[in-house]
Amino acid sequence: MHQWLSVFNKIFAVVLVLTCAILGAGVAPVMAQSDSFKWSLSPIIGVHSPVLEQLNEEAFKAPLVGFGTIRGEPDSPTAGESFEIPFGFDNDLDDIGLNANVGLEFQWVQSTKHIFLMGLSTWEGFTQNTVPAQVPLQGELRDTDYDRRGKMSYNEFYLGWKYNFFSRPNRYRFYTRATLNELFDIDFREEHVFSINGGDLDGVKRIIVVKGQTTGTLMMQLGFGGEYFLKKNISVGLEAGYLFSYRPFQLVNTSSDDDLQLGDDVTFHLPIQPASRDSPLGNIPADTDPSQDWTDPLVPFPTPRDMDLRFDGWKAAFRITVYY
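Thresholds applied
- Residues numbered from 1 in each chain as written.
- Predicted model: local features only at pLDDT ≥ 70, side-chain atom pairs only at ≥ 80, totals over all residues.
- Heavy atoms only, no water.
- Pairing = 2+ DSSP bridges.
- Helix = DSSP H or I, 4+ residues; strand = E, 2+ residues; numbered from the N terminus.
- Phe/Tyr/Trp six-rings, centres within 6.5 Å; stacked < 30°, edge-to-face > 60°.
- Lys NZ or Arg CZ within 6 Å of the ring centre and 35° of its normal.
- pLDDT = per-residue confidence, 0-100.
- Contact = heavy atoms within 4.5 Å.
- Core = buried A, V, L, I, M, F, W, Y, C linked by side-chain atoms within 4.5 Å.
- Buried < 20%, exposed > 50% of the residue type's maximum accessible area, 1.4 Å probe, protein only.
- Patch = residues over 30% accessible without salt bridge, like charges linked within 9 Å, V, L, I, M, F, W, Y side chains within 5 Å.
- Areas by Shrake-Rupley, 256 points an atom, 1.4 Å probe, with all protein chains shown as cover.
- Salt bridge = Lys/Arg side-chain N within 4 Å of Asp/Glu carboxyl O.
- Lys, Arg positive; Asp, Glu negative; His and termini not counted.
- Charge placed at Lys NZ, Arg CZ, Asp CG, Glu CD.
- Axes fitted to C-alpha atoms, helices over the stretch in contact; angles between N-to-C directions.

**Looking at the sheet that holds strand E13 (residues 281-283)**
Turning to step 1, where the next piece is worked out: The sheet built from 3 strands is open, its strands ordered E12-E13-E14 with antiparallel pairing. A strand with exactly one partner marks an edge of an open sheet, and here the two such strands are strand E12 (272-274) and strand E14 (305-306).
Turning to step 2, where the next piece is worked out: As judged from the 2 bridges shared by E13 and E14, these two strands associate in the antiparallel manner. Bridge pairing links Asn283 to Arg305 in E14.

**What to know about the packing of aromatic side chains**
Turning to step 1, where the next piece is worked out: The full count for this structure, using the stated rule, is 21 aromatic pairs.
Turning to step 2, where the next piece is worked out: Centre to centre, the rings of Phe67 and Phe301 are 6.2 Å apart; their planes meet at 5°, and the pair counts as stacked. Here Phe301 lies in the loop between E13 and E14 and Phe67 lies in strand E2 (residues 64-71), a separation of 234 residues in the sequence.
Turning to step 3, where the next piece is worked out: Here the aromatic residues Phe87, Phe89, Tyr146, Phe194 and Phe268 are joined through ring pairs into a cluster of three or more.
Turning to step 4, where the next piece is worked out: Between Lys162 and the ring centre of Tyr175, over which it is positioned, the NZ or CZ distance is 4.1 Å.

**Remarks on the confidence of the model for the protein**
Turning to step 1, where the next piece is worked out: On average, residues of the protein score 88 in pLDDT, and 87% of them reach the 70 mark or higher.
Turning to step 2, where the next piece is worked out: The low-confidence segment residues 1-35, where pLDDT is below 50, has 28 contacts with residues more than four positions distant or belonging to other chains.

**Remarks on the pairing of strand E6 (residues 140-168)**
Turning to step 1, where the next piece is worked out: Here strand E5 (residues 114-137) runs beside E6; their pairing, made up of 24 bridges, is antiparallel. From the neighbouring strand, Gly119 faces E6, where its bridge partner is Tyr158.
Turning to step 2, where the next piece is worked out: Here E6 runs beside strand E7 (residues 172-196); their pairing, made up of 23 bridges, is antiparallel. Looking across to E7, one finds that Ser167 is bridged to Arg173.
Turning to step 3, where the next piece is worked out: Where E6 folds back on E7, the antiparallel hairpin that results is connected by 3 residues, among which Asn170 adopts a positive phi of roughly 60°.

**Overview of the environment of Ile272**
Turning to step 1, where the next piece is worked out: By the secondary structure assignment, Ile272 is in strand E12.
Turning to step 2, where the next piece is worked out: Once the C-alpha coordinates of Ile272 and Ala59 are considered, the two residues, 213 residues apart in sequence, prove to be 6.3 Å apart.
Turning to step 3, where the next piece is worked out: Those residues in contact with Ile272, other than ones at most four positions away along the chain, are Leu55, Ala59, Phe60, Arg148, Phe188, Glu190, Val210, Leu281, Gly282, Asn283 and Met307.

**As for the nonpolar core**
Turning to step 1, where the next piece is worked out: Leu55, Met152, Leu251, Phe268 and Phe311 are the most contacted members of the largest nonpolar core, which totals 37 residues.
Turning to step 2, where the next piece is worked out: Broken down by secondary-structure element, the contributors of at least two residues to this core are strand E3 (82-89), E5, E6, E7, strand E8 (205-231) and strand E11 (266-269).
Turning to step 3, where the next piece is worked out: Non-local contacts of Phe268, meaning those with residues more than four positions away in its chain, are made with Leu64, Val65, Phe87, Val135, Phe194, Ile208 and Leu260.

**Description of a negative patch on the surface**
Turning to step 1, where the next piece is worked out: Residues Asp90, Asp92, Asp94 and Asp289 make up a contiguous surface patch of negative charge.
Turning to step 2, where the next piece is worked out: The class for Asp289 is partly exposed, based on a relative accessible area of 38%.

**Points about the sheet that holds E3**
Turning to step 1, where the next piece is worked out: Within the open sheet, the 3 strands sit side by side as E3-E2-E11. Their pairing is antiparallel. The open sheet has two edge strands with one neighbour each: E3 and E11. Across the sheet, the axes of successive neighbouring strands diverge by a mean angle of 15°, strand direction being ignored.
Turning to step 2, where the next piece is worked out: As paired strands, E2 and E3 are joined by 8 bridges and run antiparallel to one another. Counterpart to Arg71 in the pairing with E3 is Ser82.

Put into structure tokens, the structure is as follows:
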């Protein structure tokens, strides 16, 4: 189902580009005859503050739980014996929210009022936190620094229309804009890094990485802005808008990796992971009690539930525009 929706999004974007090109071709000769047909190029530096509600409010607040094996020391009364102990850690991450959104925009000036535009941009958010944790590794309970890191990113292609509702030639103008935005290469990555402190494994790390990805999601942005002309063909401007989607998306392509070694004898149940091999990336409940006895067969690991995510949120940008 997700693959068909992705294909539909791409076909829709292509059709829209062709439609705008055909409509633009009809007015191009007229504009050229009056010497008012122009292009422009704008580097953009901005910010985007997406909602990502389930990721921020649930997944990033869920604990990591598991159990490991403790083995008796040689020449001790418990030599040759082993037993399992449970563990669980709360390591909440701050929200992935307001972060830089940079890109490049092209504009095709149709008249003094109407402008066709298209552009590309990229966005990335990161969050990190570290807590002390005791983890059973290589038969011993080890003191570690538990570092949890989360990262989300996307690339974006958009096209749309700008309407100049108030302007003074070669001085300033104010406008509204509407675009269709295809967010693609949406990637999520979470790392769990355990750095051992002291003992025979001092400085050794154990790293677990979980990844999720989806091909794209279609959104719409409505906004307004203004620009001030420094010269006849150069302006600076500010604009703001709200990006929203008609449906949530899921991280359907998942993978995981770790560098656990033979003899570690530890099982981690991660806060963010797929519920099964073919499931999208999900999260265990944020209110999971990490202090439960996870070695008890009557206490099963919590089942991850799918994450429905949205990049809806405010965007703002500063731009420099060169007309030619």
